[in-house]
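Descriptive analysis of the structure
Residue-level listing of the chains:
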Amino acid sequence: MPEAVTQVLTALSEVTPKSAWEWFTGAPSSIVITIVGALILRWLALRSIGRVVRVTLARSDARRSREPASRAGRVLAQATGAAHERHRQRTLTMGSLLRSSVTFIVALVTILTVMGIVGINLAPVLATAGVGGVALGFGAQSLVKDFLSGIFMILEDQYGVGDVIDTGEAIGTVEEVSLRVTRLRDGQGVVWYIRNGEIIRIGNKSQGWSTAMVDIPVAYSENLEKVIPLIRTVVHELDESPDWAEKLLEEPQVMGVESMTGSVVTIRVIAKTAPEQQYGVSREIRERVKATFDEHGVTAPVMTPFGPAAGAR
């Protein structure tokens with residue numbers, strides 16, 4: 001023990017101000033400069049990301065605040081009010097992901113640089129990391145695929161919470177979207193957990209607008225010059241109704257005769273609606289047309305066990 005103390009005292013006695021300054025301006029100062037530079041770089045990067053996020057949200061709010069000039073624009077703006085909030089959440093999520101990525105990369109580069117300054121041989125470390133990365137890539141390639149697919153889904157806004165989508169495996173309402181798994185609930189109440197990397201195609205039934213296609217069969221013996229104006233009157237009254245005007249982007253169009261099969265003449269009506277409103281619009285058109293046909297004595301084709309037969313008055 002006395003010998004160790006003696007060695008320490010001897011080393012301290014050999015330290016001069018010049019040698020201490022040379023030591024400090026060597027590795028310690030390089031380490032301090034590296035750490036300070038990394039902190040400044042991280043601060044600048046995070047500030048830039050935050051500014052981009054704020055500008056994006058401000059532009060989105062300004063675009064949403066403009067009153068749409070057309071009726072279709074007003075209906076879509078009202079029907080897709082959740083889309084604005086989804087865009088806001090997506091922007092905040094990507095900002096958080098970018099900040100985490102920047103922090104990780106800057107920290108990793110700083111640690112490697114400090115290790116090199118201290119004198120640690122990085123070749124074995126990098127070789128070990130490379131081998132581990134290859135092994136991890138082979139073992140977790142499906143996980144990496146899921147995460148990458150989730151990132152692109154969020155960036156491209158393919159779907160969000162509340163959308164009705166068709167993933168090929170299941171059709172239902174999206175309840176949760178994460179970077180790895182999408183959770184949706186189908187019409188029977190079954191909850192599906194679908195890995196993002198396994199989703200090859202997506203059919204989104206809630207984006208933009210929907211189309212209600214209604215086929216109305218009438219007897220072949222009916223006079224179309226009477227029937228088609230009655231249907232046009234029905235769809236016009238539907239379009240003028242306050243309860244349905246906010247669900248229709250424009251007045252439904254009576255396209256005319258779609259087909260003639262035996263004693264059945266089919267007249268097609270097409271209505272452009274707000275997302276997911278086509279089912280209610282279709283039912284309402286059928287109910288109103290049925291009531292109008294009954295009022296004016298228009299008969300539907302009579303179906304017999306041997307095939308359709310013309311309806312009689």
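These lines cover the structure that appears in this document, whether it is placed above or below. (Residues numbered from 1 in each chain as written. Predicted model: local features only at pLDDT ≥ 70, side-chain atom pairs only at ≥ 80, totals over all residues. Heavy atoms only, no water.)

Our next topic: the overall build of the protein chain. When helices and strands are counted, the protein chain shows 10 helices and 10 strands. Burial analysis of the protein chain (313 residues in total) assigns 30% to the buried set. For the protein chain, contacts bridging at least 24 residues in sequence account for 64% of all contacts bridging at least 6. With the model as given, the accessible surface of the protein chain reaches about 19,700 Å², and the carbon-plus-sulfur share is 62%. (Helix = DSSP H or I, 4+ residues; strand = E, 2+ residues; numbered from the N terminus. Buried < 20%, exposed > 50% of the residue type's maximum accessible area, 1.4 Å probe, protein only. Contact = heavy atoms within 4.5 Å. Areas by Shrake-Rupley, 256 points an atom, 1.4 Å probe, with all protein chains shown as cover.)

Packed helices, taken two at a time, are described by the angle between their axes plus the distance between the axes. In contact at an axis separation of 10 Å, helix H8 (residues 224-240) and helix H10 (residues 278-296) are set at 135° when each is read in the N-to-C sense. Relative to H10, the element H8 lies oblique. Of the two elements, H8 crosses H10, and the hand of that crossing is right-handed. Counted together, Lys 226, Val 227, Leu 230, Ile 231, Val 234, Glu 237 and Leu 238 of H8 and Glu 284, Ile 285, Arg 288, Val 289, Thr 292, Phe 293 and His 296 of H10 form the full contact between these two elements. In terms of residue class, the contact of H8 with H10 is built from eight nonpolar, two polar and four charged. (Axes fitted to C-alpha atoms, helices over the stretch in contact; angles between N-to-C directions. Parallel < 35°, antiparallel > 145°, perpendicular 65-115°, else oblique. Left-handed = near helix turned anticlockwise from the far one by under 90°. Nonpolar A, V, L, I, M, F, W, Y, C, P; charged D, E, K, R; others polar.)

Compared with an ideal rise of 1.5 Å per residue, which puts 17 residues at 24 Å, H8 spans 24 Å between its outermost C-alpha atoms and is within 8% of the ideal. Looking at H8, one finds that the buried residues are Val 227, Ile 228, Leu 230, Ile 231, Val 234, Val 235, Leu 238 and Asp 239. Measuring from the backbone nitrogen of Glu 225 back to the side-chain oxygen at the start of H8 gives 3.1 Å, which picks out Asn 223 as the cap. (Expected span 1.5 Å × (residues − 1). Polar contact = N/O pair within 3.5 Å; in protein donor to acceptor, adjacent residues only side chain to side chain.)

Right, let's get into the environment of Thr 103. Within the fold, Thr 103 resides in helix H5 (residues 81-118). Since its relative accessible area comes to 28%, Thr 103 is described here as partly exposed. Separated by 62 residues in sequence, Thr 103 and Leu 41 place their C-alpha atoms 9.8 Å apart. Residue contacts for Thr 103: discarding those within four places in its chain leaves Arg 42 and Leu 46.

Our focus in this paragraph is the pattern of salt bridges. Taken as a whole, this structure holds 10 salt bridges when the rule is applied. Glu 284 is the partner of Arg 288 in a salt bridge, and the nearest nitrogen-oxygen pair spans 2.8 Å. Placement of the pair is Arg 288 and Glu 284 together in helix H10, with a separation of four residues, close to one helical turn. In this structure Arg 288 comes out as partly exposed when scored by relative accessible area, which is 24%. Taking relative accessible area as the criterion, Glu 284 reaches 16% and is therefore assigned buried. Salt bridges linked by common partners bring Glu 175, Glu 176, Arg 183 and Arg 185 together as one network. (Salt bridge = Lys/Arg side-chain N within 4 Å of Asp/Glu carboxyl O.)

In this section: a nonpolar patch on the surface. A cluster of nonpolar side chains, contributed by Val 32, Val 36, Ile 40, Trp 43 and Leu 44, occupies part of the molecular surface with about 460 Å² of accessible area. Structurally, Ile 40 is set in helix H3 (residues 27-65). Relative accessible area serves as the criterion here: at 46%, Ile 40 is assigned to the partly exposed category. (Patch = residues over 30% accessible without salt bridge, like charges linked within 9 Å, V, L, I, M, F, W, Y side chains within 5 Å.)

Attention now moves to the packing of aromatic side chains. Taken as a whole, this structure holds zero aromatic pairs when the rule is applied. Directly above the aromatic system of Trp 244 lies the positively charged group of Lys 247, at a separation of 4.6 Å from the ring centroid. (Phe/Tyr/Trp six-rings, centres within 6.5 Å; stacked < 30°, edge-to-face > 60°. Lys NZ or Arg CZ within 6 Å of the ring centre and 35° of its normal.)

Before going further, it helps to examine the side chain of Thr 266. Among the structural elements, Thr 266 can be located in strand S8 (residues 264-273). For Thr 266, a relative accessible area of 14% puts it in the buried group. The residues contacting Thr 266, other than those within four sequence positions of it, are Asp 215, Ile 216, Pro 217, Gly 256, Val 257, Glu 258 and Ser 259.

Within S8, eight of the 10 residues are buried, which leaves it mostly tucked inside the rest of the structure. As paired elements, strand S6 (residues 210-219) and S8 share 10 bridges and run antiparallel to each other. Of the residues in S8, the one forming a bridge with Ala 219 is Val 264. Between strand S7 (residues 253-261) and S8, which follow one another and run antiparallel, lie two residues, and Gly 262 among them has a positive phi close to 60°. (Pairing = 2+ DSSP bridges.)

Our next topic: the nonpolar core. Formed by 23 residues in total, the largest nonpolar core has its most connected members in Ile 231, Val 269 and Phe 293. Elements represented by at least two residues in this core include exactly S6, H8, S8 and H10. Among the elements that line this core, the one with the most residues is H8, at seven residues. Each residue touching Phe 293, except ones within four places of it in the same chain, is listed here: Ile 216, Val 218, Val 227, Ile 231 and Val 298. (Core = buried A, V, L, I, M, F, W, Y, C linked by side-chain atoms within 4.5 Å.)

One open sheet accounts for three strands, arranged S6-S8-S7; its pairing is antiparallel. The two strands at the open ends of the sheet, each matched to only one other strand, are S6 and S7. Strand after strand, the sheet turns through a mean of 25° between neighbouring axes, direction not considered. Along the sheet, H8 contacts S6, S7 and S8; its crossing angle with S8, the most-contacted strand, is approximately 20°. Of the strands in this sheet, S6 and S8 touch H10, which is tilted by about 25° from S6.

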